[in-house]
Amino acid sequence: MFKKKIFRQQQFKFMILNLLAFTIIFAIFGIIIFSQVQNTLYSKTDEELSSFKNKIADHFSGEIKSPMPNNGVDPTGPPNRRQKNPNPRIMVVEWSEEGQILNKDEIGTLLYENYLYDYQLDKTNIDQVTMTRIHDLYDFRYILIEDTNEGDEIAYTQLMINVDPEQLILNNFGKLIIICSVIFIVLSISASYFLSKKMMTPIIHSWNKQAEFVENASHELRTPLTIIQNKLELLLTAPQEKIASKFENIALSLAETRRLSKLTSDLLTLARADSAETQLVKQKIHVDSFIRNVCVPYSEIAESQDKHFWLNLNSDIQIEADEVRLHQLLVILLDNALKYTGENDSIGVKTYLEEQRIVLEVSDTGIGIKEENRKQIFERFYREDKARTRESGGVGLGLSIAQWIVEQHNGTIKAIPNHSKGTTFKVKLPK
Ligand code: ADP
């Protein structure tokens, strides 16, 4: 219940994070596109305004530079700002210092009465292209120029272009972006939900695996501890007895202590493997001689158990490997071969080269592994027959460690059934 609540909270957090990321990306994308469209639409009008302004400036500077005939009186009257650039889109408004429009006639009665009769002079943005709205309806871009020519009343010249069509396009585009955003947000809610669910799957899987591991480990630790505790309590009830008479209890306790010690060291190996703490110390190892040495005690044990032990070593090469881990791998496979064979069975180790790889096979003619369990045997704490393996001291961690060692050496391991009977563990390692 508690676990489910944590998972749900975590999934919700992931979902919000995904949604936030999607929204931010889309918002940035929308803003960039909108401003780009806006710039493109207004660039033409701004260009027209600027070039008109430059022409006016040139006109006046030309006027000042050339001395005026007729004792300084200009026969053409006040300079006409349209003279050099009759751009029909641009409306030229001439302002007096007091904010009165001076060229009402030039603007035209209709234009003046429709747009400008109550329009106020705004001196904030001189020489900059600015946006304004007249009567809350008509959009203009304008540029206000300070008129330095002392020969007339004009204090400011305002060049205006009506941009209603551009503004209409922008408004429609803005609406489109808003509609797309709403659709996108709805879609990204579902996408975020789906992604957060996907993100949670490996977390839930490893959480469950971890919980299962802890549960199995504590169970495996509790069993020998309970046995030891019972046996010791039994010994305490008869303190006068001789050790020889309680030999069985002591031997059993000792066996369980050994089992505990092996179990804790296996658990430690796997815990370190999980945290990637264990570093391999690789060195050159001559495989065949190494295997021959490791197998010496095992052939003796096999002999003492009336089992046949054979070696068939055909890979006269050296490989880069961690000696301690390679030893551990062989011990696990040979221990299992001994554990799961009976009298007159045979156990053997074979090496050979195959496709640039060295193959190491540990075979036995023992009880074999059922087809359906062949993949699971590499899982932690997996045992085919729990009662039988407990008798032989196994807890189901050996093959998990073996697999980890092989993977650390970039190799592969698998269990193959023998033609006659028993199993062969085939390990492939790179040369
Ligand atoms: P255990 O310590 O129980 O042997 P392992 O991880 O080494 O744990 O092996 C897991 C299981 O795989 C064993 O419980 C056993 O059922 C099966 N197994 C491993 N090696 C052999 C083998 N050589 N022959 C038959 N079964 C085997």
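The model shown is predicted, which means the values in this text are computed figures rather than measured ones. (Residues numbered from 1 in each chain as written. Predicted model: local features only at pLDDT ≥ 70, side-chain atom pairs only at ≥ 80, totals over all residues. Heavy atoms only, no water.)

Right, let's get into the sheet that holds strand S3 (residues 138-146). Across the sheet, four strands lie side by side as S1-S4-S3-S2; this open sheet has antiparallel pairing. The sheet is open, and its two edges are formed by strand S1 (90-96) and strand S2 (130-134), each paired on a single side. Put simply, the sheet's adjacent strands are angled 35 degrees from each other on average, direction ignored. In this fold helix H3 (residues 109-116) packs onto S1, S2, S3 and strand S4 (154-162), with an angle of close to 75 degrees to the strand it touches most, S1. (Pairing = 2+ DSSP bridges. Helix = DSSP H or I, 4+ residues; strand = E, 2+ residues; numbered from the N terminus. Axes fitted to C-alpha atoms, helices over the stretch in contact; angles between N-to-C directions. Contact = heavy atoms within 4.5 Å.)

With that settled, consider the sheet that holds strand S10 (residues 412-417). If you trace the five strands from one edge of the open sheet to the other, you get S6-S8-S9-S11-S10, paired in mixed fashion. Among the strands making up the open sheet, the edge pair consists of strand S6 (308-313) and S10. The mean angle between the axes of side-by-side strands here comes to 15 degrees, regardless of whether they run parallel or antiparallel. Bridging between strand S8 (residues 346-354) and strand S9 (residues 357-364) involves eight bridges; their strand directions are antiparallel. Bridge pairing links Tyr 352 to Val 359 in S9. Seen against the sheet, helix H7 (residues 323-339) touches S6, S8, S9, S10 and strand S11 (423-430) and runs at an angle of roughly 25 degrees to S9.

Attention shifts here to the site of the ligand. As a matter of local geometry, the ligand sits amid 19 residues, with Asn 336, Lys 339, Tyr 340, Asp 364 and Leu 399 nearest to it. Asp 364 is positioned such that a nitrogen or oxygen atom in its side chain is 2.9 Å from a nitrogen atom of the ligand. Burial of the ligand by the surrounding chains reaches 97%, relative to a free accessible area of 530 Å². Taken together, the elements giving at least two residues each to the shell around the ligand come down to H7, helix H9 (398-408) and S11. (Near = heavy atom within 4 Å. Polar contact = N/O pair within 3.5 Å; in protein donor to acceptor, adjacent residues only side chain to side chain. Areas by Shrake-Rupley, 256 points an atom, 1.4 Å probe, with all protein chains shown as cover.)

Turning next to the pairing of S4. In terms of burial, S4 is a largely internal element, eight of the nine residues being buried. Pairing of S3 with S4 involves seven bridges; the strand directions are antiparallel. Bridge pairing links Glu 146 to Tyr 156 in S4. (Buried < 20%, exposed > 50% of the residue type's maximum accessible area, 1.4 Å probe, protein only.)

Under the criterion given, the structure shown has 17 salt bridges. Glu 48 serves as the salt-bridge partner of Lys 44, at 3.0 Å between the closest nitrogen and oxygen. Of this pair, Lys 44 and Glu 48 both sit in helix H1 (residues 2-65), four residues apart, which is roughly one turn of the helix. We note a salt bridge from Lys 421 to Asp 345, for which the minimum N-O separation is 2.9 Å. Taken together, the residues Lys 421 in the loop between S10 and S11 and Asp 345 in the loop between H7 and S8 connect sequence positions 76 residues apart. Judged by its relative accessible area of 43%, Lys 421 is partly exposed. Several salt bridges converge on common partners, so that one network encompasses Lys 44, Glu 48, Arg 89 and Glu 166. (Salt bridge = Lys/Arg side-chain N within 4 Å of Asp/Glu carboxyl O.)

Along the polypeptide, Lys 307 turns up in the loop between helix H6 (287-304) and S6. Buried charge without a salt bridge: Lys 307, with Asp 345 as the nearest opposite-charge side chain at an N-O distance of 6.8 Å. Within the structure, the side chain of Lys 307 is placed 2.8 Å from the backbone oxygen of Leu 338, a separation counted as a polar contact. (Lys, Arg positive; Asp, Glu negative; His and termini not counted.)

Any two packed helices are characterised by how steeply their axes cross, that is the angle between the axes, and by the distance between the axes. Their axes nearest at 9 Å, the elements H7 and H9 cross at an angle of 145 degrees. Here H7 runs over H9; the crossing is left-handed. For the pair H7 and H9, contact is made by Arg 325, Gln 328, Leu 329, Ile 332, Leu 333 and Asn 336 and by Gly 398, Leu 399, Ile 401, Ala 402, Trp 404, Ile 405 and Val 406, respectively. (Left-handed = near helix turned anticlockwise from the far one by under 90°.)

This part is about a nonpolar patch on the surface. Together, Leu 20, Ile 24, Ile 28 and Ile 32 make up an exposed nonpolar region whose accessible area comes to about 380 Å². Relative to the helices and strands, Ile 32 resides in helix H1. Take Ile 32: its relative accessible area is 49%, and that puts it in the partly exposed class. (Patch = residues over 30% accessible without salt bridge, like charges linked within 9 Å, V, L, I, M, F, W, Y side chains within 5 Å.)

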